[in-house]
Amino acid sequence: MGMWQNFLEWFYPVTETNKTTADTSKEPIIIKIPAEIYYKELAIYTAVSLISNGVSRSEIKTFRNGKETKGEDYFRLNVSPNNNETSSHFWHTVINKMIREGEALVVETSDGCLYCARSFSRKEERPILGDIFDCVQIGNNLTLDRTFDQNSSYLMRLDDVNVRRLIDGMYDDYGPILTAAAKKLKQSGGSKYKLHIEGTKAGDEEFNKEFEEYIKKQLKDFMEADSAVYPEFDGYTLSEDPAKGNSASSKDYVELQEGFNKRVAAAFHIPESMMTGNITSMKEVIGAFLTFGVDPYADAIAEALNKGAGYKNYSKGNYYKVDTGKIQHQNIFDLATAVVGLISSGTMCIDEIREELDRAPLNTDWSKKHFITKNFEEIEKFLKSVQEGGNKEE
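Chains are numbered independently. Their residues run from 1 in the order of the written sequence. Reporting in this predicted model follows two pLDDT cut-offs: at least 70 for local features of residues, and 80 or more for side-chain atom pairs to be given and counted; totals over whole chains, interfaces and linings ignore these cut-offs and use all residues. The side-chain figures draw on all heavy atoms in the structure; neither hydrogens nor water molecules are used.

Colleague: Just checking my understanding: could you explain the overall build of the chain for this structure?
Modeller: In this description a helix means any DSSP run of H or I spanning at least four residues, a strand means any run of E spanning at least two, and both kinds are numbered starting from the N terminus. Regarding its fold elements, the chain presents 15 helices and 11 strands. Exposure is judged per residue with a 1.4 Å probe applied to protein chains only, and the accessible area is read against the type maximum: over 50% gives exposed, under 20% gives buried, and values in between give partly exposed. In the chain, which comprises 394 residues, the proportion classed as buried is 33%. Whether two residues are in contact is decided by their heavy atoms, any of which lying within 4.5 Å being enough. The long-range share in the chain, meaning contacts at least 24 apart out of those at least 6 apart in sequence, stands at 59%. Shrake-Rupley sampling with a 1.4 Å probe provides the accessible areas, and residues are treated as covered by the protein chains on show and by no other component. Put simply, the chain shows about 26,200 Å² of open surface, and 52% of that area lies on carbon and sulfur atoms.

Colleague: What is the right way to read helix α5 (residues 87-101) from this model?
Modeller: An α-helix turns once per 3.6 residues; consequently, residues spaced three or four apart project the same way. A helix is expected to span 1.5 Å for every residue after the first. For α5, which comprises 15 residues, the first-to-last C-alpha distance of 21 Å matches the rise-based estimate of 21 Å (1.5 Å per residue) to within 8%. Of the residues trailing α5, G102 is marked for its positive phi of about 90 degrees.

Colleague: Can you walk me through the environment of I167 in this structure?
Modeller: Relative to the helices and strands, I167 resides in helix α6 (residues 163-188). With 97 residues separating them in the primary sequence, I167 and V264 have C-alpha atoms 7.2 Å apart. Each residue touching I167, except ones within four places of it in the same chain, is listed here: K40, I44, F260, V264, A267 and F268.

Colleague: I tried to follow the environment of Y314 on my own but got confused; where do I start?
Modeller: Residue placement: Y314 occurs in helix α12 (residues 311-315). Taking the C-alpha atoms as reference points, Y314 and F63, separated by 251 residues in sequence, lie 9.5 Å from one another. The residues touching Y314, leaving out its near neighbours within four places in the chain, are N306 and Y319.

Colleague: When you look at the packing of α5 against helix α11 (residues 282-309) in this model, what are you seeing that I'm missing?
Modeller: Note on definitions: angles span 0 to 180 degrees between N-to-C directions of axes, and those axes are lines fitted to C-alpha atoms, for helices only across the stretch in contact. Two elements in contact, α5 and α11, have axes separated by 12 Å at closest approach and are oriented at 105 degrees. Classified by the angle between their axes, α5 and α11 sit roughly perpendicular to one another. On the side of α5, the interface is formed by W91, I95, M98 and I99, while α11 contributes Y297, A300 and I301. Each residue receives one of three labels: charged for Asp, Glu, Lys and Arg, nonpolar for Ala, Val, Leu, Ile, Met, Phe, Trp, Tyr, Cys and Pro, and polar for the others, Gly being one of them. Class assignment for the residues of the contact of α5 with α11 results in seven nonpolar, no polar and no charged. Orientation is classified from the angle alone, with under 35 degrees giving roughly parallel, over 145 giving roughly antiparallel, 65 to 115 giving roughly perpendicular, and any other angle giving oblique.

Colleague: Sorry, what's going on with the sheet that holds strand β5 (residues 119-124) here?
Modeller: Sheet strands associate in pairs through backbone hydrogen bonding, adopting either a parallel or an antiparallel arrangement. Think of it this way: DSSP has to see at least two bridges between two strands before they count as a pair. One open sheet accounts for three strands, arranged β5-β6-β7; its pairing is antiparallel. Looking at which strands have only one partner, the edges of the open sheet turn out to be β5 and β7 (142-143). By the bridge criterion, four bridges tie β5 to strand β6 (residues 132-138) in an arrangement that is antiparallel. Residue pairing in the sheet places S121 in a bridge with D134 of β6.

Here it is, written out as structure tokens:
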């Protein structure tokens, strides 16, 4: 409900005066929203939702002195950024802001909580020292009475081009075409009738009055009802009109919608099959989606967090990394062969493998050790062992 309420307020702002009137009035307020707005919003919402879901399923890893840790920073970024939100809802809000408005401001309060600003203003634009933000509003109506500099805020944006505005501009031409196609399809599926009236009654004022008050109502009830009987009097002949014009196909209408969805998918670097739901090769499609659709936003988030921490922290091995490797669903039995290869090559220990599979580490001495088979032995040692073996046989 909240998303649609914000959506309506964006198109039809509600002031305090008419809001009070609306709350106290017993009469319902009916706002007719053009159908083409829903077509566009559905396409944009689908794209935003796909990217947001991908980012929210990612793990933001925190490193201290070059080693991965799970302290308060990890909790704020992956579990609960503040007392009212979960990390999933929080990152959905951030990505939604980045896409729809071009940028998202995340502020950190004195108690270490993180909030995505619903609105804000730049108090000072400082190209060298960094901008200062004020009038930061969080939640529905809370404006924080303080300023935020680069040490207490993270401005996240991907580029200077607002994709939403480009889509709006494109839809100015595309929307009326889609609406006209829907209207034509609806009209082609209806029935048309002809009412033949004797010429002597056509110019009669009494008849015209009777026609407006009674006959038109009877015809309307007859046309709109699923089952109905129309009484036909002398001098009136009702017959179906065989000439309905060119019939429209629903295929044309669907193709127009799919055409717009594909253009939106291209704008957000999302594979077309994900927008339409017709996925045939899951692995390749998800791979392309993560590489071009999700990873750029994940990198933008990591870079904003690391920029806020500063170079000194980064040079000491204190940094953040957004891992998108866990977005795709994994079946442990399908990965059994790969797991053996990672352990036997010494690439990962058992505890590291378990964490990648969303299982708790064992935290034992042997589960933290790295193993390597003789297949990965150094070539010099291998040749020496072969030579020694040959000498023994002689």
